[in-house]
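Okay, here's what each chain looks like letter by letter:
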Amino acid sequence: MDKYKRVETEKPSVPSVPNEVRVMTDGKMRNYIKYATTLLMIKGEDLIVVKGMGRAINKTVTVAEIVKRRVAGLHQDTEIASLESTDTWEPHEEGLDTVVTARSVSAVRITLCRDVGRMDTSAPGYQQPIPEAHVQPLQTTFDKKPPKNALKKEVAEGVGGG
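Here's what I pulled together on the structure shown here. Note that this is a predicted model, so its numbers are computed, not measured.

1. Considering the overall build of the protein chain
- From N to C terminus, the protein chain includes three helices and six strands.
- Along the protein chain, helices (α) and strands (β) appear in the sequence β-β-α-β-α-β-β-β-α when read from the amino end.
- Across the 162 residues that make up the protein chain, the buried fraction comes to 28%.
- Here the contacts in the protein chain between residues at least 6 apart in sequence split such that 74% fall between residues at least 24 apart.
- As displayed, the protein chain has an accessible area near 11500 Å², and 52% of this comes from carbon and sulfur atoms.

Below you can see the structure in the form of structure tokens.
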């Protein structure tokens with residue numbers, strides 16, 4: 001494809017929903033977790049949607065799982081989809097045709113909600129909240145790192161569970 005260059009096409013703008021977390025491959029996971037927990041804990045949202053596409057799917061699932069372990073009583077509904085994406089390539093040289101390629105991109109949409117009445121419990125991707133004993137309350141500081149010897153100290157004292 002060195003004889004072609006990709007044509008940037010304008011993607012349709014999708015309006016942002018206030019309770020939506022869009023996970024990208026280059027974003028920091030702690031920022032997504034902080035935003036999602038802020039929506040649930042501080043802004044009082046009962047329902048948030050965590051979305052990701054392509055290579056960001058694993059990060060999206062991880063974010064949702066961490067949020068479930070920080071906020072008690074969250075029901076989960078996971079939906080997967082395959083979206084069609086087309087790319088247009090124009091030639092650098094004369095005599096070559098413009099090439100249009102179509103590809104499928106996987107996407108995931110994870111809904112986390114406190115109110116079971118707003119969830120479809122018969123959906124194949126539905127999960128009940130995890131037991132409250134497995135939920136660890138959210139720490140108030142996200143940006144501070146624990147002291148270097150904190151983990152060693154917890155393990156030595158038998159606190160770290162290791």
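That covers the picture; the talk isn't over yet.
2. Side note on the pattern of salt bridges
- In this structure the tally under the stated criterion is eight salt bridges.
- A salt bridge links Glu 20 to Arg 22; its shortest N-O distance comes to 2.5 Å.
- Across the salt bridge formed by Arg 109 and Glu 79, the nearest N and O atoms sit 3.5 Å from each other. Of the two residues, Arg 109 is situated in strand 5 (residues 99–113) and Glu 79 in strand 4 (residues 75–91); the sequence distance between them amounts to 30 residues.

3. Some points on helix 2 (residues 57–68)
- For helix 2, which comprises 12 residues, the first-to-last C-alpha distance of 17 Å matches the rise-based estimate of 16 Å (1.5 Å per residue) to within 8%.
- Turning to helix 2, its buried residues are Lys 59, Thr 60, Val 63, Ala 64, Val 67 and Lys 68.
- Lining the buried residues of helix 2 we find strand 2 (20–23), helix 1 (29–41), strand 3 (47–53), strand 4, strand 5 and strand 6 (126–127).

4. Some thoughts on the side chain of Asp 77
- Within the secondary structure, Asp 77 is located in strand 4.
- Buried charge without a partner: Asp 77 forms no salt bridge, and the closest opposite charge is Arg 109, 6.2 Å away.
- For Asp 77, the contacting residues outside a window of four places in its chain are Arg 109, Ile 110, Thr 111, Met 119, Ala 123, Gly 125 and Tyr 126.

5. Here we look at helix 1
- Over its 13 residues, helix 1 extends 18 Å from the first C-alpha to the last, a length consistent with the 18 Å expected when each residue adds 1.5 Å.
- Among all positions of helix 1, only Tyr 32, Ile 33, Ala 36, Thr 37, Leu 39 and Leu 40 are buried. The buried side chains of helix 1 occupy one side of the element, clustering within an arc of 155° when seen end-on.
- Looking at the buried side of helix 1, the elements it contacts are strand 2, strand 3 and helix 2.

6. What about the environment of Gly 125?
- Within the element layout of this structure, Gly 125 appears in the loop between strand 5 and strand 6.
- Judged by relative accessible area, Gly 125 falls into the buried class, the value being 17%.
- With 15 residues separating them along the chain, Gly 125 and Ile 110 place their C-alpha atoms 8.9 Å apart.
- When residues no more than four places from it in sequence are discounted, the contact partners of Gly 125 are Gln 76, Asp 77 and Thr 78.

7. Observations concerning the packing of helix 1 against helix 2
- Contact geometry of helix 1 with helix 2 gives a least axis separation of 10 Å together with a crossing angle of 45°. Viewed along their axes, helix 1 and helix 2 adopt a mutual orientation that is oblique. Of the two possible hands of crossing, helix 1 and helix 2 adopt the one that is right-handed. Contact residues: helix 1 offers Met 29, Tyr 32, Ile 33, Ala 36, Thr 37 and Leu 40, while helix 2 offers Lys 59, Thr 62, Val 63, Ile 66 and Val 67.
- Here the residues of the contact of helix 1 with helix 2 are counted per class, giving eight nonpolar, two polar and one charged.

8. Section: the pairing of strand 3
- In terms of burial, strand 3 is largely enclosed, as five of its seven residues are buried.
- Since strand 2 and strand 3 lie parallel, the crossover through helix 1 that links them has a hand, and here it is right-handed.

Scoring rules and cut-offs
- Residues numbered from 1 in each chain as written.
- Predicted model: local features only at pLDDT ≥ 70, side-chain atom pairs only at ≥ 80, totals over all residues.
- Heavy atoms only, no water.
- Helix = DSSP H or I, 4+ residues; strand = E, 2+ residues; numbered from the N terminus.
- Buried < 20%, exposed > 50% of the residue type's maximum accessible area, 1.4 Å probe, protein only.
- Contact = heavy atoms within 4.5 Å.
- Areas by Shrake-Rupley, 256 points an atom, 1.4 Å probe, with all protein chains shown as cover.
- Salt bridge = Lys/Arg side-chain N within 4 Å of Asp/Glu carboxyl O.
- Expected span 1.5 Å × (residues − 1).
- Lys, Arg positive; Asp, Glu negative; His and termini not counted.
- Arc of directions from axis to C-beta.
- Axes fitted to C-alpha atoms, helices over the stretch in contact; angles between N-to-C directions.
- Parallel < 35°, antiparallel > 145°, perpendicular 65-115°, else oblique.
- Left-handed = near helix turned anticlockwise from the far one by under 90°.
- Nonpolar A, V, L, I, M, F, W, Y, C, P; charged D, E, K, R; others polar.
- Right-handed = clockwise from strand over helix to strand, strands pointing away.

Purely geometric stuff here, so don't read any function into it on its own.
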